[in-house]
Every structure is written in structure tokens, then in C-alpha cells.
Amino acid sequence: MRKSFVWGITLAVAVTLQCVTGGSAAFAQGPLGFVPEDAAAAVFLPSVADVESAAGGLMKIPAIGGQIAPEKVLGDIAYQLNLGGAITYTDFLKAMGVNVNAPAVVMLLPENKFGAVLPLASRETAEKQLAELLGTGLDPVEEGNFRGAYSVMDGVAYALSDAIALVGSDDVTIKKIAASGGTAKSFSYQPSGELAVLSAFDRLKSANLLPQGLPGANMEATYQQLATMMDEMVVAVGETDGSAYLKLGLRQPGGSDIEKPAPLALHALLPENAAVAVNLRNNANLINQIRPLLAANPALSKNIAIIMLVSQMLGNEVAIGLTGMTNGVPSGLVAAHLSRPDSVKMLLGMAGAKPDTPDEVYNNASIFTIKEVKEGVNVYVATAGAYLLVSTNDAQIKSALDKLDTTGAIKADAASAYAAQASKGLNGFICLDGSKLNAADLPSNLAGLGQANAEMILGINGAWYDNRLIIPGGFAKVEQLVGMFVK
């Protein structure tokens, strides 16, 4: 029964893994100052009340709420405190004397020990409730101005100051957290009004939390390479300007600013009515470096030769704009920059076209037609300078070619419906606008995509690779979309 107290205090972990948090005002970062420098990971909550409020809609979905409902996690602890059965996590922590409107932190420490830093509304209430839950005959815990106790039997210790409660696996853990005095700087990332999971590559490795791949696969070389590319990591969930976001941040080792690459260009060729628009920067050297990681993934290892070949053939970037389906074949435009433009002849030959005999020349570009790939569907392939364009629509190919000058380069004044995304996504972006989809083209189980609207932005922010999934409409929209596919 007392063990459920541990789960109640660490509800932040469960909520972090399966829920989302709202965009409240910025909070002070005090709790993070108690995280020891050897922590494998820390979870920052802007406040328990914010997290539970924002996740309220998701908690109503049985597949989600059924796993982390308060009555399931807390067990009979609520009755022990005379709270009744139908309570929220906010109710429980309020009853424990916790200030549910201030920031809190949960951390994972070496040897799978945990710790939590919780703001207090009432030290007196906290002491009373902890005594009720853990009983008497406990070992005392003292460190600085923190006083508490350790229950060896229950595997939980606590220590309180007037403003903060520290909870952890044992007395050694509590003393370690308290000894920092709230001045530790274990992570450079400072969350503000968002739920954030903070970690670092070397700490995950030391804690054996990185995947080891298939039996016999040596991941060490891959991990050594990844360590030269990033150190700190953060996964954050929040809401800003009416949009919800999920962010994966990776910091360049040492925190030096990342050199910004040349602007993306191929998005200018994509059709404005694309339901899905993609413009990604290609990095063949990076893919070659992480080849062992790809090889260790069963789903990718089967196709690793193709992945490597395509990556080496591509130049700086690739773009895709999908406008719908034609007789089961995707329609729109694929545009790619080639590292070796002459290699396209091989591809055309493999597709059945005559690479030296174009079917049409338009704006100095050669257009080849691959007829009847499916009944009533032709594929048009154009080569212009270092660019390769592919579409099932001849007019779409020519519309893109109109944006190229006589040398085959994209005109400086070529307009793009995706300029805003490209300016933020220096390494690429993916846009989904479900309103541009033809409902008749969608299978019944994916009909909800017609209401979906999202962006994936691969950006750079100082020393951080800032990758974000953005959902306009905030968490209300997230709940609606999740509810369509998860019951």
C-alpha cells in the first residue's frame, strides 16, 4: 500500500510518456537546480495542474486514460488519506501539501534510482500526510535545511524544507539532491511553460539506456560517431501562439553555434495545392556515418543498399508535393537535386525510357514520358541542369520548369507557398493540410486525415537542432485527432 505513494509522487513520469502539457506562463527554473550532474534524465513540469488540465481530453480516451488513471496508479492510497476514489492527481498532491501550480522535477539517477523535487504549499500538511502513509520507526534524513525520513521497507525517502519536498529512492539519493542547494547546472536547456524531458547522450550511454541493436551488432562505432554530433537532448511538449508542439532538440557538442546551411530551394517548384509538401536537405555523409545504426534496424537493414545508393545519387535536397491520387498512383511532383546529373540516364533506361531521345523539350529541359505505368496514368520525367522532376501530370512538370532559368537554376523571384516553412526549417520541413485531400481518395480508416493540419520543422536555434511537430489549434485539436485513431 505504501509503495503506491512512490507512484503517486512520480506521476510526472507516466504523464510525460503518454500525455501533453499546456502553454502556461514562463516559470522559474528552480527545481532543475537540484538535479545532480550525473542524472541520466530529468523531467520538468511547469506545474502538475497545467499538465493534468491539458491532458484532460486525452485521459478520456480509454486506451490512454485507462493506463494512467489516478485510481489505477494510486491504488488505495486515496482512501488511506480519506480522499475517496474519484480524485485527480492534482487533488492527491494538494492533499499531500504540494503546490500544484508551481514547477516540479522528476529525475532518473545512476543505478536506476529516482528523485523528485516538488514545491510545497504547506510543510505542515506534507509532514502530517507522510507520517500517515509511511508510519513510524523510520531512519532520519538530514541535509542542510532539509529534514525527513527513510523507509527501508518501502524503498522511499523524503526530506522537507519550508518550500520544497524532496522524494527519492533512499537516504543517500535525498542527501545528494539536497546537497546541490538548488544551484546545480546539469543541463543548459531551460524549459519555459512546457513539459520537457532533459538528458545527454553520454549519460544515457553510461546508464545503458541506449538500444544495443541486434545480437552480434556492434553499436559502439555508431555511438562514438553520434557523440561527436550531439551531447544534450530534450524532448518537450507545449503550446504557443495557438499551436501545440512536440520538440526534439539536439545540442551540438560543447554548445557552440551550428553553422547555418544555404537556404533550401526546391520548395519553390512544388504545387500550391499540395496536401503533403516535403522539402528535405540531404546529407549523404551523415547517412554513411550512421550506416551501422541503419544496419541494426531490421526494417531498414533489408533495404540499406538502396538507401545508401539513393543517398549518394541525391545532391543537396529533395522535395515532394502530393496533390492526390490518380487511379491509385500518387499525383503531384517530385523534385530532386542530383550529385551526379549524368546518373539519371541509368535511371531512365531502367524505367524503359530512351535517355538520349526526349519526347519533348520545354524551357531548355528534356521531358521523357513513361507510358501506362497503370491504366490511364503516364509518368513524366524532366531533367534540367542538376534537377530531376517527376510527375504524373504533364502540366505540373511544365509549371515547375517555368520557374527555372535557361541554365536550369531556380529563378531568384520564383514564388513559393512554403517560404515560411523553409525559413524556419533550415534542414527541411513536412507539411500536411488535410483540407486539400479528396475525401474519395482516402480509405475509410484514414478519413480523419481530412481534418488534419500539421507541420514538421527541422530547424536550427543557436547550438541546437530544433525539430518540431506543430499542430495548429492547440491541444484541443490534438485531442480531436488522437480520438479519431485511438479508442
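How each quantity is defined
Residues numbered from 1 in each chain as written. Predicted model: local features only at pLDDT ≥ 70, side-chain atom pairs only at ≥ 80, totals over all residues. Heavy atoms only, no water. Helix = DSSP H or I, 4+ residues; strand = E, 2+ residues; numbered from the N terminus. Buried < 20%, exposed > 50% of the residue type's maximum accessible area, 1.4 Å probe, protein only. Contact = heavy atoms within 4.5 Å. Areas by Shrake-Rupley, 256 points an atom, 1.4 Å probe, with all protein chains shown as cover. Core = buried A, V, L, I, M, F, W, Y, C linked by side-chain atoms within 4.5 Å. Pairing = 2+ DSSP bridges. Phe/Tyr/Trp six-rings, centres within 6.5 Å; stacked < 30°, edge-to-face > 60°. Lys NZ or Arg CZ within 6 Å of the ring centre and 35° of its normal. Polar contact = N/O pair within 3.5 Å; in protein donor to acceptor, adjacent residues only side chain to side chain. Salt bridge = Lys/Arg side-chain N within 4 Å of Asp/Glu carboxyl O. pLDDT = per-residue confidence, 0-100. Arc of directions from axis to C-beta.

1. A closer look at the overall build of the protein chain
- Looking only at helices and strands, one finds 20 helices and 20 strands in the protein chain.
- For the protein chain, with 487 residues in total, the buried portion stands at 47%.
- Long-range pairs, those at least 24 residues apart, make up 63% of the contacts in the protein chain with a sequence separation of at least 6.
- Accessible area for the protein chain stands at about 22,800 Å²; split by element, carbon and sulfur atoms hold 55% of it.

2. Brief notes about the nonpolar core
- Counting 34 residues, the largest nonpolar core has Phe92, Met96, Tyr158 and Leu160 as its most contacted members.
- Ranked by the residues each element gives to this core, the list is headed by helix H9 (residues 123–134), at four residues.
- The contacts of leucine 160, once residues within four sequence positions are left out, are Leu120, Arg123, Ala126, Glu127, Leu130, Asn145, Phe146, Arg147 and Ala165.

3. Thoughts on the pairing of strand E17 (residues 387–391)
- Most of E17 is tucked away: four of the five residues are buried.
- Here four bridges tie strand E13 (residues 329–338) to E17, and the two strands are oriented antiparallel to one another. Of the residues in E17, the one forming a bridge with alanine 335 is leucine 389.
- Summarising the sheet, strand E16 (residues 377–384) and E17 pair through five bridges and their orientation is antiparallel. Across the sheet, the residue bridging to alanine 384 is tyrosine 387, located in E17.
- Once E16 ends, the chain turns through two residues before running back antiparallel as E17, passing glycine 385 with a positive phi of about 60 degrees.

4. With respect to the packing of aromatic side chains
- Inspection of every chain in the model, using the stated rule, returns three aromatic pairs.
- Considering the side-chain rings of tyrosine 418 and phenylalanine 429, the 6.3 Å spacing of their centres and the 25 degrees angle between planes classify their relative orientation as stacked. Here phenylalanine 429 lies in strand E18 (residues 428–433) and tyrosine 418 lies in the loop between helix H18 (394–401) and helix H19 (419–424), a separation of 11 residues in the sequence. Each of the two residues, tyrosine 418 as well as phenylalanine 429, counts as buried.
- Between arginine 468 and the ring centre of tyrosine 245, over which it is positioned, the NZ or CZ distance is 4.9 Å.

5. Overview of H18
- Inspection of H18 places Gln396, Ile397, Lys398, Ala400 and Leu401 among the buried residues, and these make up the whole buried set.
- The elements touched by buried residues of H18 are E13, strand E14 (360–362), strand E15 (365–374), E16 and E17.
- The opening residue of H18 is asparagine 393, an N-cap whose side-chain oxygen sits 2.8 Å from the backbone nitrogen of alanine 395.

6. Details of the environment of arginine 123
- Counting through the fold element by element, arginine 123 comes out in helix H9.
- Contacts of arginine 123, omitting those with residues within four sequence positions, involve Arg147, Leu160, Ser161 and Asp162.

7. A short note on the side chain of histidine 337
- Position of histidine 337 relative to the elements: it lies in strand E13.
- Overall, the relative accessible area of 17% leaves histidine 337 in the buried class.
- Engagement of the side chain of histidine 337 in a polar contact is seen with the backbone nitrogen of asparagine 316, the distance being 2.9 Å.
- Apart from the residues lying within four places of it in its own chain, the contact partners of histidine 337 are Leu266, Leu314, Gly315, Asn316, Glu317, Ala386 and Tyr387.

8. Observations concerning the pattern of salt bridges
- Within this structure, the stated rule accounts for 12 salt bridges.
- With a closest N to O distance of 2.4 Å, lysine 176 and aspartate 38 form a salt bridge. In this pair, lysine 176 is assigned in helix H10 (residues 171–179) and aspartate 38 in the loop between helix H2 (11–18) and strand E1 (41–45), connecting sequence segments 138 residues apart.
- For aspartate 38, a relative accessible area of 34% corresponds to the partly exposed category.
- Residue lysine 113 pairs with glutamate 111 through a salt bridge whose shortest N-O separation is 4.0 Å.
- Accessibility expressed as a relative area gives 22% for lysine 113, which makes it partly exposed.

9. Structural notes on the environment of glutamate 111
- By secondary structure assignment, the location of glutamate 111 is in the loop between strand E2 (104–109) and strand E3 (113–119).
- In this structure glutamate 111 comes out as exposed when scored by relative accessible area, which is 67%.
- Along the backbone, glutamate 111 and alanine 207 are 96 residues apart, and their C-alpha atoms lie at a distance of 7.6 Å.

10. Re the confidence of the model for the protein chain
- For the protein chain, mean pLDDT is 82; residues scoring 70 or higher make up 81% of the total.
- Taken together, the stretch residues 1–29 has pLDDT below 50 and engages in 89 contacts with residues farther than four places along the chain or on a different chain.

11. Remarks on H10
- Listing the buried residues of H10 in full gives Thr173, Ile174, Ile177 and Ala178. Down the axis of H10, the buried set is contained in an arc of 130 degrees. They therefore lie on one face. Opposite the buried face of H10, by more than 90 degrees, sit the exposed residues Val172 and Ala179.
- Where the residues of H10 are buried, they touch E2, E3, strand E4 (139–143), strand E5 (146–151), strand E6 (156–160) and strand E7 (164–168).
- If you check the start of H10, you find a side-chain oxygen 3.2 Å away from the backbone N of valine 172, and it comes from aspartate 170.
- Taken from the residues just after H10, glycine 181 is the one with a positive phi, measuring 65 degrees.

12. Some thoughts on the environment of serine 169
- Secondary-structure assignment places serine 169 in the loop between E7 and H10.
- The exposure class of serine 169 is buried, given its relative accessible area of 14%.
- Taking the C-alpha atoms as reference, serine 169 lies 5.7 Å from glycine 155; in sequence the two are 14 residues apart.
- Contact partners of serine 169, with chain neighbours within four places excluded, come to Lys113, Phe114, Tyr150, Gly155, Val156 and Ala157.
- A distance of 2.8 Å separates the side chain of serine 169 from the backbone nitrogen of phenylalanine 114, its partner in a polar contact.

13. Examining the pairing of strand E11 (residues 276–281)
- Two strands pair when backbone bridges link them, and E11 and E18 are joined in this way by five bridges, in the antiparallel orientation. By the bridge assignment for E18, valine 278 is matched with isoleucine 430.
- Bridge count for E11 against strand E12 (residues 314–326) is six bridges, and the pairing is antiparallel. Paired with leucine 280 across the strands is valine 318, a residue of E12.

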